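For reference, the chains in residue letters:
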Amino acid sequence: MYKWDNRYCIGEPHIDSQHQKLFQICERIMKIFQYDDEARNQRAVAEAVKYLKNYTIEHFANEEAYQRAIGYEGFAEHHQKHEEFTQTILKEEKILEESGYASEDVAQFVKIVNDWLVDHIMRCDQAIVPGK
């Protein structure tokens with residue numbers, strides 16, 4: 001699992017802060033399974049996944065507003081990547097629900113989110129800010 005690293009900074013403090021929080025949410029989801037109470041774990045993971053989903057959507061809206069404000073030329077393509085990932089999260093959330101939030105599915109969910117997040121920040125988000 002990836003942890004926040006300053007190399008993920010794009011140079012826009014508000015966006016960087018939101019990216020850092022996304023990493024923290026993923027880390028928190030993985031730590032939930034330290035409890036012995038399986039029913040509690042399932043409820044906690046379900047809530048955390050819902051929170052991650054909603055926060056991701058909110059972050060995308062903020063990031064896209066920033067892109068529009070600076071006249072970012074790659075906005076349409078970037079928006080499409082956000083839309084595709086939102087669909088991935090929804091699909092993976094359904095898999096988690098159907099499996100009863102099985103630990104291996106939760107780990108896979110966090111891996112998918114972390115991998116996408118790192119790749120997206122390093123390849124796409126770094127391109128938003130001139131000079132990066």
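Right above here is the structure, for reference.
These numbers come from a predicted model, not from an experiment.

Explanation requested: the environment of phenylalanine 85 in the structure shown.
The residue phenylalanine 85 is located in helix 3 (residues 75-99) in this model. The exposure class assigned to phenylalanine 85 is buried, which follows from its relative accessible area of 4%. The spacing of phenylalanine 85 and alanine 39 is 46 residues in sequence and 29 Å in space, taken between C-alpha atoms. Other than its neighbours up to four places away in sequence, phenylalanine 85 contacts Thr56, Phe60, Ile112, Val113 and Trp116.

So what exactly am I meant to see when it comes to the nonpolar core here?
Nonpolar side chains tend toward joint burial in soluble globular proteins. Within the largest apolar cluster, 30 residues are counted, with the highest numbers of intra-cluster contacts made by Phe23, Ile29, Val45, Leu52 and Phe109. Of all elements in the fold, only helix 1 (13-31), helix 2 (38-70), helix 3 and helix 4 (103-123) reach the threshold of two or more residues within this core. Residues within four places of phenylalanine 109 in sequence aside, it is in contact with Ile29, Val49, Leu52, Ile89, Glu92 and Leu96.

What's the story with the environment of proline 130 in this structure? I'm lost.
Along the polypeptide, proline 130 turns up in the segment after helix 4. Distance in space between the C-alpha atoms of proline 130 and isoleucine 10 is 9.6 Å, their sequence separation being 120 residues.

Would you mind going over the side chain of glutamine 67 with me for this structure?
Along the chain, glutamine 67 falls in helix 2. Take glutamine 67: its relative accessible area is 0%, and that puts it in the buried class. The contact partners of glutamine 67, leaving out residues within four places of it in the chain, are Tyr72, Phe75, His78, His82 and Ile128.

I would appreciate a short explanation of the pattern of salt bridges in the present structure.
Any two side chains of opposite charge can pair, given that their charged atoms come close. Counted according to the given criterion, the structure contains nine salt bridges. In this structure, the salt-bridge partner of arginine 7 is aspartate 5, at a minimum N-O distance of 3.9 Å. Close ionic contact of glutamate 27 with lysine 31 constitutes a salt bridge, the shortest N to O distance being 3.3 Å. A residue pair is termed a helical-turn pair when its members lie 3 or 4 positions apart in one helix, as glutamate 27 and lysine 31 do in helix 1 at four residues. Ionic contacts of the salt-bridge type, sharing partners, join the residues Lys3, Glu27 and Lys31 into one network.

What is the right way to read the packing of aromatic side chains from this model?
Each aromatic ring pair is characterised by the separation of its centres together with the angle its planes make. Overall, the coordinates contain six aromatic pairs when judged by the stated rule. An aromatic cluster is built from Trp4, Tyr8 and Phe23, whose rings are joined through pairwise contacts.

Would you mind showing me how to read helix 1 here?
Three or four residues apart is the spacing at which side chains of an α-helix point the same way, because the helix has 3.6 residues per turn. If you check helix 1, its first and last C-alpha atoms are 27 Å apart, about what 19 residues at 1.5 Å a residue would give, namely 27 Å. Considered for burial, the residues of helix 1 that qualify are Ile15, Asp16, Gln18, His19, Leu22, Phe23, Ile25, Cys26, Glu27 and Ile29. Along its buried surface, helix 1 packs onto helix 2 and helix 4.

Just checking my understanding: could you explain helix 4 for this structure?
The terminal C-alpha atoms of helix 4, which comprises 21 residues, lie 30 Å apart, in line with the 30 Å expected from a rise of 1.5 Å per residue. Along helix 4, the residues classified as buried are Val106, Phe109, Val110, Val113, Asn114, Leu117, Val118, His120 and Ile121.

Just checking my understanding: could you explain the packing of helix 3 against helix 4 for this structure?
Between two packed helices, what matters for the description is the angle formed by their axes and the separation of those axes. Running from N to C, helix 3 and helix 4 point in directions that differ by 170°, and their axes come no closer than 10 Å. With respect to helix 4, the axis of helix 3 lies roughly antiparallel. Of helix 4, the residues touching helix 3 (which contributes His78, Lys81, His82, Phe85, Thr88, Ile89, Glu92, Leu96 and Ser99) are Asp105, Val106, Phe109, Ile112, Val113, Trp116 and His120. Class assignment of the residues belonging to the contact of helix 3 with helix 4 gives a composition of eight nonpolar, five polar and three charged.

What counts, and where the lines are drawn
- Residue numbers run consecutively from 1 along every chain, following the written order of its sequence.
- For a predicted model such as this one, the threshold for reporting local features is a pLDDT of at least 70, and the threshold for listing and counting side-chain atom pairs is 80 or more; totals across whole chains, interfaces and linings nevertheless cover every residue.
- Side-chain measures were taken over the full set of non-hydrogen atoms in the model, leaving aside hydrogen atoms and water.
- The helix and strand labels rest on DSSP assignments: H or I over at least four residues marks a helix, E over at least two residues marks a strand, and numbering proceeds from the N terminus.
- Type-normalised accessible area, obtained with a 1.4 Å probe on protein chains alone, sets the label of each residue: buried when under 20%, exposed when over 50%, and partly exposed for intermediate values.
- For this analysis, residues touch if any pair of their heavy atoms sits within 4.5 Å.
- As used in this record, nonpolar core signifies buried Ala, Val, Leu, Ile, Met, Phe, Trp, Tyr and Cys residues forming a set joined through side-chain atoms within 4.5 Å.
- In the sections that follow, a salt bridge refers to a side-chain nitrogen of Lys or Arg positioned within 4 Å of a carboxyl oxygen of Asp or Glu.
- Any two of the Phe, Tyr and Trp rings considered here, Trp counted by its six-membered ring, make a pair once their centres fall within 6.5 Å; the pair's planes then place it as stacked at under 30 degrees, edge-to-face at over 60, or tilted in between.
- Given the number of residues in a helix, its expected span is that number minus one, multiplied by 1.5 Å.
- Note on method: axes are straight lines fitted to C-alpha atoms, helices fitted across the in-contact stretch only, with angles between N-to-C directions ranging 0 to 180 degrees.
- For classification, angles of less than 35 degrees are called roughly parallel, those exceeding 145 degrees roughly antiparallel, those between 65 and 115 degrees roughly perpendicular, and all remaining angles oblique.
- Amino acid classes used here: Ala, Val, Leu, Ile, Met, Phe, Trp, Tyr, Cys and Pro are nonpolar; Asp, Glu, Lys and Arg are charged; the rest, including Gly, are polar.

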